[in-house]
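Observations on chain architecture
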Amino acid sequence: MKTIYKTFFRLILLFTIIIAPATLVEGKKRTENRSSIKISASDHYHAADAIKTILGYTVSATPVYQKNAELANLMKAIAFKAEWKRTINMAIGLYEKMDLEQVGLSRKAFEYAWMGYYKLRKRGLLRKTSVLSVCDFSQASSEERMYVIDVNKKKLLYRTFVAHGINSGREYASSFSNKQDSYKSSMGFYVTRQTYYGRNGLSLRIQGMDKGFNDLAFRRNIVIHGASYVSRRILNKYGVMGTTFGCPAIPQEMSSRIIPAVKDGSCFFIYYPSKRYLTESTILNG
């Protein structure tokens, strides 16, 4: 916080010098009782000298005006960091209030989910802002790793199993893809769209919002649907959950409740602690 205040103070002082009267930049002659005396260049006061001292740069008066873009970028970076910190603090507060750690959702997964939800909502890309769904693929498929949260009422609506793509891994998902016929899951943020009835019964289309990570999901026919092979019965019988062609499938008996609750424009997030994704996601870092 001290660093931010110090930076703002420097910026304010810098702008004051830049817009100061031209006489400060060009230098003014001492006129008191010496109107006829010529002043040498060393007696002139230049804004560049003050700027040099404040910023620690070697500059002249002319290049100062060319630094507007650099200063604008600096201010954007400061604003971004402040917004990120404020949003994360909000996420931490909600996480603790809803006691999500107790029900199995990791804090990191929720923090990133909340940040993406916040940014999608801010950009007007969510029609249904009351619901946030998080699939924590850092957990095994034998865990109930899908969490549907009522944001307004600050409570967990559903927690259930969710399957990953057959080529993403067996018990754990560890490989992801955005390519057609990869039969892998795609991590990142989605916005739910309309429902339809297909071979898996009630299904929900989802649109990938993370460029390069899941933005081809709609074309790949990646949807949320119920499946008989995603159940505790299958887990008990085979010791491992069933897999899909890339869709986040949920238990058949839960689909009739969860799909209506999240359809038509809510945020759906598939989390995995991939360093590349977390640093390159256009939603998280845009």
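Procedures and definitions
- Note that residues are indexed from 1 along each chain, following the sequence as it is written.
- Local features in a predicted model are, by the rule used here, given only for residues with pLDDT of at least 70; side-chain atom pairs are given and counted only at 80 or more, and totals for whole chains, interfaces and linings are based on all residues.
- Each side-chain value is derived from all of the structure's non-hydrogen atoms; neither hydrogens nor water enter the calculation.
- Throughout, nonpolar core names a set of buried Ala, Val, Leu, Ile, Met, Phe, Trp, Tyr and Cys residues whose side chains join them through atoms within 4.5 Å.
- Residue burial is assigned from relative accessible area. The probe radius is 1.4 Å, only protein chains are included, and a residue is buried under 20% of its type maximum, exposed over 50%, and partly exposed in between.
- Strands here are runs of E lasting at least two residues and helices are runs of H or I lasting at least four, both read from the DSSP assignment and numbered beginning at the N terminus.
- Contacts were defined at the residue level, with two residues in contact if any of their heavy atoms lie within 4.5 Å.
- Here, strands pair whenever DSSP counts at least two bridges between them.
- Pairing of aromatic side chains here covers Phe, Tyr and the six-membered ring of Trp, requires ring centres within 6.5 Å, and sorts the geometry by plane angle: under 30 degrees stacked, over 60 edge-to-face, intermediate tilted.
- Two conditions define a charge sitting above a ring: the NZ of Lys or the CZ of Arg must be within 6 Å of the ring centre, and it must be within 35 degrees of the ring normal.
- The predictor reports its confidence for every residue as pLDDT, a score running from 0 up to 100.
- Multiplying one less than the number of residues by 1.5 Å gives the expected span of a helix.

To continue, consider the nonpolar core. In this structure, Phe 110 and Leu 132 are the most contacted members of the largest nonpolar core, which totals 58 residues. No other element matches the eight residues that helix H6 (residues 107-122) contributes to this core. Those residues in contact with Leu 132, other than ones at most four positions away along the chain, are Phe 110, Ala 113, Trp 114, Tyr 117, Tyr 147, Val 148, Ile 149, Val 151 and Cys 267. Among the nonpolar cores identified, the runner-up in size contains seven residues, and Ala 227, Val 230, Leu 235 and Ala 249 belong to it.

This part is about the pairing of strand S3 (residues 155-160). Taken together, the five bridges between strand S2 (residues 146-150) and S3 define a ladder with antiparallel strand orientation. Across the sheet, residue Val 148 finds its bridge partner in S3, namely Tyr 158. Hairpin connection of S2 to S3: four residues between the antiparallel strands, including Lys 154 at a positive phi of 55 degrees.

How two aromatic rings sit relative to each other is set out by the distance from centre to centre and by the angle between their planes. Enumeration according to the criterion identifies 10 aromatic pairs in this entry. Here Phe 269 and Tyr 271 contribute two aromatic rings whose centre-to-centre distance is 6.1 Å and whose plane-to-plane angle is 55 degrees, an arrangement assigned as tilted. Each member of the pair, Phe 269 together with Tyr 271, is buried. One aromatic cluster is present, built from ring pairs that chain together Tyr 95, Phe 110, Trp 114 and Tyr 117. Residue placement shows Arg 205 over the ring face of Tyr 196; its charged tip is 4.2 Å from the ring centre.

With that out of the way, let us pick up the environment of Val 262. With respect to the helices, strands and loops of the structure, Val 262 is situated in helix H8 (residues 252-262). Separated by 113 residues in the primary sequence, Val 262 and Ile 149 place their C-alpha atoms 9.7 Å from one another.

What follows deals with the confidence of the model for the chain. For the chain, per-residue confidence averages 85 on the pLDDT scale, and 77% of positions sit at 70 or higher. Long-range and interchain partners of residues 20-43, a stretch whose pLDDT sits below 50, account for 16 contacts in this model, where long-range means more than four residues apart.

Moving on, we come to H6. With 16 residues, H6 extends 22 Å from end C-alpha to end C-alpha; this agrees with the ideal 22 Å at 1.5 Å per step. Where burial is concerned, most of H6 is hidden: 12 out of the 16 residues are buried. Along H6, the residues classified as buried are Ala 109, Phe 110, Glu 111, Tyr 112, Ala 113, Trp 114, Met 115, Gly 116, Tyr 117, Tyr 118, Lys 119 and Leu 120. Where H6 ends, the next residue or the one after it, Gly 124, has phi of about 75 degrees, a positive value.

The next subject is the pairing of S2. When a strand is regular, its side chains alternate between the sheet's two faces. The buried count for S2 comes to five of five residues, which makes it a mostly enclosed element. Here S2 shows a buried face lined by Met 146, Val 148 and Asp 150 and a second buried face lined by Tyr 147 and Ile 149. As judged from the five bridges shared by strand S1 (residues 131-136) and S2, these two strands associate in the antiparallel manner. For Val 131, the partnering residue across the bridge sits in S2 and is Asp 150.

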